[in-house]
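Survey of secondary and tertiary structure
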Amino acid sequence: MLTSDDALDGGLAAPVRSLGHTTRLGGAEVGPQVQSWTVERAYNTDLPEAMRAFAGSASAQLEVQLAGTDGVSGPRLYSAWADRSTGDVARPGQSVVHRAGLAGATLPAFRGTVRSRSAESGTDTVTVQALDGAERLRGPARLPRPYHGFLYGRPVASDIWCVDELLRQGGIHTCPPPRAPDFDPDETDPFTVLYASLHGGFNASHGQPETLPAPADYQWIRDGAPFEMAVMPNAAGLTASWMPRSRLSVPGKVFQVECWVNTSLAKGNTVELKVLLDRSAGVMGHITALFDIAAGQVKITSGKVGGAGATVGWSPAKLGSLRGRWQLGFMVDTVVSGTTVQPTVQPRLTGPDGSYWVGGQWTFSDANGTQSLSELNQIQLTTDMATECLQVTDRVWADTAGYPAGEWRQNGWTKGATLDAPTLPLFSVPAVSGSRWEAITEIARTTLSTAEFDEYGVFRWRNATRFMTTPSGPDLTVTTRREIASLTVAEEIDACRNHCEQPYQDWSGIGAVTGTVVNDTTIRRIDPGRSVEVSYAVAEDEADVGPPVTDDDVVPLTGGSKVRFGTAATGGSAVKGSVTVTCRREGPSFIVRFTNRGAATVWTVTKDGKPSVKIVSLKPGAEPKQRVWARWSPPSQAYYGTQQYTAPDSAWVQSSTSAYFLAQTMLDAGRYPVPVLGEVEVLHDPRIQLGDVVRVVDSSGAALDTLAWVVGSRTICTAGSVPQQTLTLRGAAYNGLPTDTGLTADPPVDPDFGRQRPYSAITAAYPTLADITAARTTYRALRLTEGTPA
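Position numbers for residues start from 1 in each chain and track the written sequence from start to end. Under the rules for a predicted model, residues below a pLDDT of 70 receive no local features and side-chain atom pairs below 80 are neither given nor counted, while totals for whole chains, interfaces and linings still include all residues. Note: side-chain values were computed over all heavy atoms of the structure, leaving out hydrogens and water.

**Some thoughts on the overall build of the protein chain**
To qualify as a helix, a DSSP run of H or I must reach at least 4 residues; to qualify as a strand, a run of E must reach at least 2; elements of each kind are numbered from the N terminus. A count of helical and extended segments in the protein chain gives 12 helices and 50 strands. Each principal axis of the C-alpha distribution contributes one length, and for the protein chain these read about 125 × 85 × 55 Å. Relative accessibility under 20% of the residue-type maximum defines a buried residue, over 50% an exposed one, and the middle range a partly exposed one, all with a 1.4 Å probe and only protein chains included. By residue count, 53% of the 790 residues in the protein chain fall in the buried class. Every residue pair with non-hydrogen atoms within 4.5 Å of one another is taken to be in contact. The long-range fraction of contacts in the protein chain, counting pairs at least 24 apart against all pairs at least 6 apart in sequence, stands at 74%. About 32900 Å² of surface is accessible on the protein chain, with carbon and sulfur atoms providing 49% of the total. Just so you know, the count uses Lys and Arg for positive and Asp and Glu for negative, and it drops His and the chain ends. Every charge is mapped to an atom, namely NZ of Lys, CZ of Arg, CG of Asp or CD of Glu. Separation between the mean location of the 69 positive side-chain charges and that of the 80 negative ones in the protein chain comes to 4 Å. Calculation of accessible area relied on Shrake-Rupley with a 1.4 Å probe; when residues are assessed, cover is drawn exclusively from the protein chains displayed.

**A short note on the layout of surface pockets**
Cavity means a closed set of points on a 1 Å grid over the protein atoms alone, one where a 1.4 Å probe fits but cannot get out, pocket means an open set with protein on both sides within 12 Å along at least 5 of 7 lines, and lining means a residue has an atom within 4 Å of a point. Grid points are joined across faces, edges and corners, and a volume is the space filled by probe spheres set on the points. In this structure, the largest pocket occupies an estimated 830 Å³ of space. Residue lining of the largest pocket: 34 residues in total, with Glu165, Pro181, Ser205, His206 and Arg245 positioned closest to the centre. Those elements that provide at least two residues to the lining of the largest pocket are helix 5 (159–169) and strand 41 (579–586). Counting residues per element, the lining of the largest pocket draws most heavily on strand 41, at 4 residues. Basically, the charged four are Asp, Glu, Lys and Arg, the nonpolar ten are Ala, Val, Leu, Ile, Met, Phe, Trp, Tyr, Cys and Pro, and anything else, Gly included, counts as polar. Its residues placed into classes, the lining of the largest pocket shows 14 nonpolar, 9 polar and 11 charged.

**Some words on helix 5**
Along helix 5, 10 of the 11 residues are buried, which leaves the element largely enclosed by surrounding structure. Every buried residue of helix 5 is listed here: Asp159, Ile160, Trp161, Cys162, Val163, Asp164, Glu165, Leu166, Leu167 and Arg168. Here the buried face of helix 5 lies against strand 9 (157–158), strand 10 (191–196), strand 28 (417–418), strand 29 (425–426), helix 7 (436–447) and strand 31 (459–462). Following helix 5 by one or two positions, glycine 171 adopts a phi angle in the positive range, close to 80°.

**Considerations on empty space enclosed by the protein**
Summed over the entire model, instances satisfying the criterion amount to 2 cavities of 30 Å³ or more. One number sums up the size of the largest cavity: a volume of about 190 Å³. As for the largest cavity, its lining consists of 19 residues, and the residues nearest its centre are Arg41, Glu455, Ile688, Ser713 and Thr715. Secondary structure elements with two or more residues in the lining of the largest cavity: strand 3 (34–42), strand 7 (105–120) and strand 49 (704–718). If one sorts the elements of the lining of the largest cavity by residue count, strand 3 sits on top with 4 residues.

**Considerations on the pattern of salt bridges**
A pair is scored as a salt bridge if a Lys or Arg side-chain nitrogen falls within 4 Å of a carboxyl oxygen belonging to Asp or Glu. This structure, assessed with the given rule, holds 31 salt bridges. A salt bridge links arginine 585 to aspartate 544; its shortest N-O distance comes to 2.8 Å. Of this pair, arginine 585 sits in strand 41 while aspartate 544 sits in the loop between strand 37 (531–537) and strand 38 (549–550); the two residues are 41 residues apart in sequence, bridging distant segments of the chain. Each member of the pair, arginine 585 as well as aspartate 544, is classed as buried. Residues joined in a network through salt bridges with shared partners are Glu187, Lys253, Asp394, Arg395, Glu533, Arg584, Glu586, Arg593 and Arg597.

**Some words on the sheet that holds strand 31**
Sheets are built from strands paired through backbone hydrogen bonds, the pairs being either parallel or antiparallel. On the basis of which strands lie adjacent, the open sheet formed by 4 strands has the order 4-30-31-28 and mixed pairing. Among the strands making up the open sheet, the edge pair consists of strand 4 (56–58) and strand 28. Following DSSP output, two strands are said to pair if at least two bridges run between them. As paired elements, strand 4 and strand 30 (residues 450–453) share 3 bridges and run parallel to each other. Opposite alanine 58, over in strand 30, you have glutamate 452 as the bridge partner. Lines fitted to C-alpha atoms define the axes here, with helix axes fitted over just the stretch in contact, and angles between the N-to-C directions of these axes take values from 0 to 180 degrees. Packed onto the sheet, helix 7 meets strand 4, strand 30 and strand 31 and runs at close to 25° relative to strand 31.

**Re the state of the cysteines**
Note on disulfides: each one is a pair of cysteine sulfur atoms within 2.5 Å. Considering all chains together, one arrives at 0 disulfides under this definition. No disulfide involves cysteine 175; its sulfur sits 4.1 Å from the nearest other cysteine sulfur, which is in cysteine 389. Free of any disulfide, cysteine 259 has its nearest cysteine sulfur in cysteine 389, 8.6 Å distant.

**With respect to the packing of aromatic side chains**
Stacked, tilted and edge-to-face are the three classes assigned to paired rings of Phe, Tyr and Trp, where Trp is represented by its six-membered ring and a pair needs centres within 6.5 Å; plane angles under 30 degrees give stacked, over 60 edge-to-face, the rest tilted. With the rule as written, the count across this model stands at 15 aromatic pairs. Measuring from centroid to centroid gives 5.0 Å for phenylalanine 183 and phenylalanine 191, while their planes differ by 55°, and the two rings are tilted. Aromatic pair tyrosine 218 and tryptophan 220: ring centres 5.3 Å apart, planes at 65°, arrangement edge-to-face. A cation over a ring is seen here: arginine 325 above phenylalanine 227, with NZ or CZ 4.3 Å from the ring centre. Only when the NZ of Lys or the CZ of Arg is both within 6 Å of the ring centre and within 35 degrees of the ring normal is a charge said to sit over the ring. Its guanidinium or amino end placed over the ring of phenylalanine 183, arginine 584 lies 4.9 Å from that ring's centre, counting from NZ or CZ.

**Observations concerning the sheet that holds strand 40 (residues 565–566)**
The strand order 36-43-40 describes an open sheet built from 3 strands, whose pairing is antiparallel. Whereas interior strands pair on both sides, the edge strands pair on one side only; in this sheet they are strand 36 (525–526) and strand 40. Bridge analysis of strand 40 against strand 43 (residues 602–604) gives 2 bridges, and the strand direction is antiparallel. From the neighbouring strand, glycine 566 faces strand 43, where its bridge partner is tryptophan 603.

**Description of the nonpolar core**
Counting residues in each nonpolar core, the largest one holds 90 residues, and the members touching the most others are Leu167, Trp242, Ile300, Phe330, Phe459 and Trp461. With 8 residues, the top contributor of residues to this core is strand 17 (residues 254–278). In this structure, isoleucine 300 is in contact with Ile287, Thr288, Ala289, Ala310, Thr311, Val312, Trp314, Phe330, Val345, Pro347 and Phe364, ignoring residues within four places of it in sequence. Counting 27 residues, the second largest nonpolar core, distinct from the first, contains Ile510, Ile526, Val534 and Phe590. Among the buried residues, those of types Ala, Val, Leu, Ile, Met, Phe, Trp, Tyr and Cys that are joined through side-chain atoms within 4.5 Å form a nonpolar core.

**As for the environment of threonine 477**
Here threonine 477 is to be found in strand 32 (residues 476–479). For threonine 477, a relative accessible area of 31% puts it in the partly exposed group. For the pair threonine 477 and valine 696, spaced 219 residues apart in the sequence, the C-alpha separation amounts to 6.1 Å. Excluding its chain neighbours within four sequence positions, the residues that come into contact with threonine 477 are Glu483, Arg695 and Val697.

**Structural notes on unusual backbone geometry**
With an omega of 0°, the peptide bond between valine 250 and proline 251 qualifies as cis. Here proline 251 lies in the loop between strand 16 (249–250) and strand 17. The phi dihedral of arginine 395 is positive, around 50°, even though this residue is not glycine. Within the secondary structure layout, arginine 395 lies in the loop between strand 27 (374–394) and helix 6 (405–409). Judged by its relative accessible area of 13%, arginine 395 falls in the buried class. The backbone phi angle of leucine 448 is positive, close to 60°, even though this residue is not glycine. Locating leucine 448 in the fold gives a position in the loop between helix 7 and strand 30. Leucine 448 sits in the buried class, given a relative accessible area of 4%.

**Regarding helix 9 (residues 656–670)**
For helix 9, built from 15 residues, the straight-helix expectation of 21 Å at 1.5 Å per residue is met to within 8% by its first-to-last C-alpha distance of 21 Å. Judged by how many residues are buried, helix 9 sits mostly within the fold: 11 of 15 residues are covered. Looking only at helix 9, the buried set comprises Ser658, Ala659, Phe661, Leu662, Ala663, Gln664, Thr665, Met666, Leu667, Ala669 and Gly670. Among the structural elements, strand 29, helix 7, strand 34 (499–506), strand 45 (625–632), strand 46 (644–646) and strand 50 (724–731) are those in contact with the buried residues of helix 9. The span expected for a helix works out to 1.5 Å for each residue beyond the first.

**Concerning the side chain of histidine 684**
Among the secondary structure elements, histidine 684 is positioned in the loop between strand 47 (676–683) and strand 48 (693–698). When its relative accessible area of 7% is taken as the criterion, histidine 684 is described as buried. In this structure histidine 684 touches Leu12, Arg17, Trp37, Ala100, Gly101, Thr715, Pro723 and Gln725, once residues within four positions along its chain are discounted.

**Quick look at the pairing of strand 18 (residues 284–292)**
Side chains on a regular strand alternate between the two faces of the sheet. As judged from the 9 bridges shared by strand 17 and strand 18, these two strands associate in the antiparallel manner. Paired with threonine 270 across the two strands is aspartate 292, which belongs to strand 18. Between strand 17 and the antiparallel strand that follows it, strand 18, lie 5 residues; alanine 281 among them carries a positive phi value of about 60°. The turn linking strand 18 back onto strand 19 (residues 297–304) is made up of 4 residues, and glycine 296 within it adopts a positive phi angle of 65°.

Written out as structure tokens, the structure reads:
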């Protein structure tokens, strides 16, 4: 229920109400001009109506009829051809906020945007129809589809991760958003090279996972997460790594690495953020920040993997003493001219109390801290505590010293959604089509979850576990003595599903194999300070791959996507650390951008003078096996017969564990037919929301006292009259097992069917034909009467 105050609660309980509402279009108040308004919400699903509380999306709709003002008619002010100075108030796409309640206290009832307007010429009425936040999700849906899940046989994402990503694409965020997600044609603005929310999966919005931990080593938590959801290690030292979508070159870059953690939820004391840099001959450099919470220290090391390095440390005042939500990160400045660089590093922290700490800049001077020509290869996270929102930003600021605190904190973003825990782990992210809202609706139906925007405009995702426990008490009580004007209770056999089957895809043992291999047919020239963008065709159903790795002549790469940059069109010497390689996927096109950060022209050419770009995609080694998991209830079948429900085949269900959960959830929902209370007309109560538990007391008609879920609500109000609110309710539990007291059910087949009187009995009763004629009987009555079966 919506939170109210004493004034509103008292007004709703008073014998006489003074009703009120406010309506804003484009931020302008038009409430006094409203002739009527209607708000409608209901879960939409393919399940039987009595089961629909368990799945589906709900998109609220508002219809408002506006009149004119100051002697000017509504159509003249607000029609499609009205002057822009007044007509833009009701234009499609305009913001709408509606509140309803009492004259002195109202609650949010709707927040969305105008879908259409219709002006009735010759009248004083303009009808405006609006849709809630679902309108923000009309853009095309696309989900990153990495190969690492089926490659390693470990979950790479989940239903929640996919919903969260679709919301993020629509500008609805649950944690700090990517700092700079858009491609900059000039490559001068900041650019997000890696963003992993860690909201139910290691998949990344930008970039890709590289190595995945075993599922037994972690869990996804919401309680205690920095913002919405976090990965929580089951033991110290949980490690995962990602490849960026841009292999930025070193020297020459200023970049930042950061994440959020809850230091009070920990299996150890440290968080380590490591940047791996691909040098020549298979050698890796690294720049690593270690945040030691117990010691209250930050240490940053620059060096060679498996070799020597140089380390510098800081001691933030509150890091060791203040536990809670911390933003941890560091910046790296490698902007120098030359082939080697001593990086300048600087850590930054935001504490649970909002305090901001920035360490002093440090430029390494020890030779062991030197980084040579290389490209960004991986970002590795090793954490002992709840961690969320890992991101790496290229060109984040011109220099580390001038970086504003507000930029670091990402001031200005607003949280717009809440999520439940994941229920379906995914080894392969399914392909999606249509709009983002359509994709979210599909996931909701498959997972038996609900998706909706509430009255505040906040998106809420609730999984099937929400309805698996009978509520202990109601949010609100309505009775026929006061609140209920009419009530219809229905029970139907279609609400009973006592044999439930859930198909699923079995991804065990699938693995990965090479898919499309594209060898460039052209040698590309890339001049200093210029970019060349090339589109390569790959199969649309194949997994995403990362940007090609820059090859060299010392230890040439033998597999995977790669590119060699040469100093001459005929081959020349291999060039490292001069060209930034960035990639993105658009349907069947894999687009690669090469940006020359060096001082000399380079070519995409092999040592022997051939085109060097090679794109290698990966795909599953086999199609997943289609299997089915079934759950059933013999006691229910004894009373109601076998009532089967088979869920549609879905690529979202990828393990027997997931199939078992869904089949059992369906069975729990439909084991016995739960009554539906339809067309429940009540006194308007603006506090009621979808999913609330209402106690319904009917002492005058059906004589019931039960708890029920709100699965639909429609409120209609005409100026000068009382709002009419109609609820659709689903019983929170069935009315016990049948007892059939005093009843002996007739069998489904007439027991006399197939039973015939023996011939000897007929001749005894009717010795002669005349006796049969005199009895005036029929052949059926003669043969099919009491006796033994034929």
